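Each chain is listed here by its residues.
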Amino acid sequence: MRTPTPLRGAKATKQSSFPCGYGLLRFARNDAYNVLDMIQHTPEDTVRRATAAFNAGRADEARQLCEEGLIRQPGEPMLGHLLAAVLFSKGEIQSARGHVETSLARRPDNAAAHLLAARIARAVGDFDGALSHLDQAIAIAPQREAFLEKARTLDQASLHDPALRPQARQAWRAILDV
């Protein structure tokens, strides 16, 4: 690790500075000890960084950011929801289900979390649970995506219970009419 050197002159390009005592200390950006690492991030900042990592194909980094954020802010619903989405994308369904349920317990009016919970429930064959979450999501924010998911869920459930086929057909027709 390089020792910080006192800042002299105005040549502080590509370096971070912060006040220390009566002068300034300068650290190169790639030093193991970086001032930015000491800043406590808000849950919103962590969600932004984790979302960017996930969208860039770095799911492991997104997971780590969410887990670290939940250590700092236990039960934070945004982080729990995002972590559930990351885990679900990696096939860790039971862990994802636990995190989305925890998120919904703290923020039950989150339509997007209900939609994710429905997808997770459908993935494990819990069609009643999926439909319940979809009905809640639709009640909170009636959006096309939730109606599509409900039609998919009814369609899949009708493979196990033929009595649901008319409901599935009706759900698909309703989407086409919108």
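What you see is a predicted model, and the numbers here were worked out from it, not measured in a lab.

A.B. asks: Is there a simple way to explain the overall build of the protein in this structure?
C.D. replies: From N to C terminus, the protein includes eight helices and three strands. Buried residues in the protein amount to 35% of all 178 residues. When contacts within the protein are restricted to residue pairs at least 6 apart in sequence, those whose partners lie at least 24 apart make up 43%. For the protein, the accessible area works out to roughly 11,000 Å², and carbon and sulfur atoms hold 53% of it.

A.B. asks: Whenever I open this one, the packing of helix α4 (residues 93-106) against helix α5 (residues 111-123) confuses me. Can you help?
C.D. replies: Packed helices, taken two at a time, are described by the angle between their axes plus the distance between the axes. Contact geometry for α4 and α5: axes closest at 10 Å, N-to-C directions at 150°. With respect to their mutual orientation, α4 and α5 come out roughly antiparallel. For α4 against α5, the interelement crossing comes out left-handed. Here Ile 93, Ala 96, Arg 97, Val 100, Glu 101 and Leu 104 of α4 lie close against α5, whose contacting residues are Ala 113, His 114, Leu 116, Ala 117, Ile 120, Ala 121 and Ala 123. When grouped by side-chain class, the residues that make up the contact of α4 with α5 number ten nonpolar, one polar and two charged.

A.B. asks: Where do I start with helix α7 (residues 144-158) in this structure?
C.D. replies: Each full turn of the α-helix corresponds to 3.6 residues, which orients residues three or four apart in the same direction. Taking 1.5 Å of rise per residue, the 15 residues of α7 would be expected to cover 21 Å, and the 21 Å separating its terminal C-alpha atoms lies within 8% of that figure. Buried within α7 we find Ala 146, Glu 149, Ala 151, Thr 153, Leu 154, Ala 157 and Ser 158. Buried residues along α7 sit against α5, α6 (127-140) and α8 (165-177).

A.B. asks: When you look at the nonpolar core in this model, what are you seeing that I'm missing?
C.D. replies: Soluble, globular proteins show a tendency: their nonpolar side chains are buried together. Residues Ala 50, Leu 82 and Val 100 are the most contacted members of the largest nonpolar core, which totals 21 residues. Elements that contribute at least two residues to this core include exactly α1 (43-55), α2 (59-72), α3 (77-89), α4 and α5. When residues of this core are assigned to their parent elements, the largest contribution, six residues, is made by α3. Excluding residues that lie within four positions of it along the chain, Leu 82 makes contacts with Val 47, Ala 50, Thr 51 and Cys 66. Among the nonpolar cores identified, the runner-up in size contains 13 residues, and Ala 118, Ala 121, Leu 134 and Ile 138 belong to it.

A.B. asks: It is not clear to me how the pattern of salt bridges should be interpreted in this structure. Could you clarify?
C.D. replies: Overall, the coordinates contain twelve salt bridges when judged by the stated rule. In this structure, Glu 61 and Arg 58 form a salt bridge, with 2.6 Å as the shortest nitrogen-oxygen distance. Relative accessible area serves as the criterion here: at 39%, Arg 58 is assigned to the partly exposed category.

A.B. asks: What is the right way to read the side chain of Ser 103 from this model?
C.D. replies: Topologically, Ser 103 is positioned in helix α4. Here Ser 103 falls in the buried class, since its relative accessible area comes to 2%. Aside from chain neighbours lying at most four places away, what touches Ser 103 is Pro 77, Gly 80 and His 81.

About the cut-offs
Residues numbered from 1 in each chain as written. Predicted model: local features only at pLDDT ≥ 70, side-chain atom pairs only at ≥ 80, totals over all residues. Heavy atoms only, no water. Helix = DSSP H or I, 4+ residues; strand = E, 2+ residues; numbered from the N terminus. Buried < 20%, exposed > 50% of the residue type's maximum accessible area, 1.4 Å probe, protein only. Contact = heavy atoms within 4.5 Å. Areas by Shrake-Rupley, 256 points an atom, 1.4 Å probe, with all protein chains shown as cover. Axes fitted to C-alpha atoms, helices over the stretch in contact; angles between N-to-C directions. Parallel < 35°, antiparallel > 145°, perpendicular 65-115°, else oblique. Left-handed = near helix turned anticlockwise from the far one by under 90°. Nonpolar A, V, L, I, M, F, W, Y, C, P; charged D, E, K, R; others polar. Expected span 1.5 Å × (residues − 1). Core = buried A, V, L, I, M, F, W, Y, C linked by side-chain atoms within 4.5 Å. Salt bridge = Lys/Arg side-chain N within 4 Å of Asp/Glu carboxyl O.

Note that all results are geometric; they support no functional claim without further evidence.
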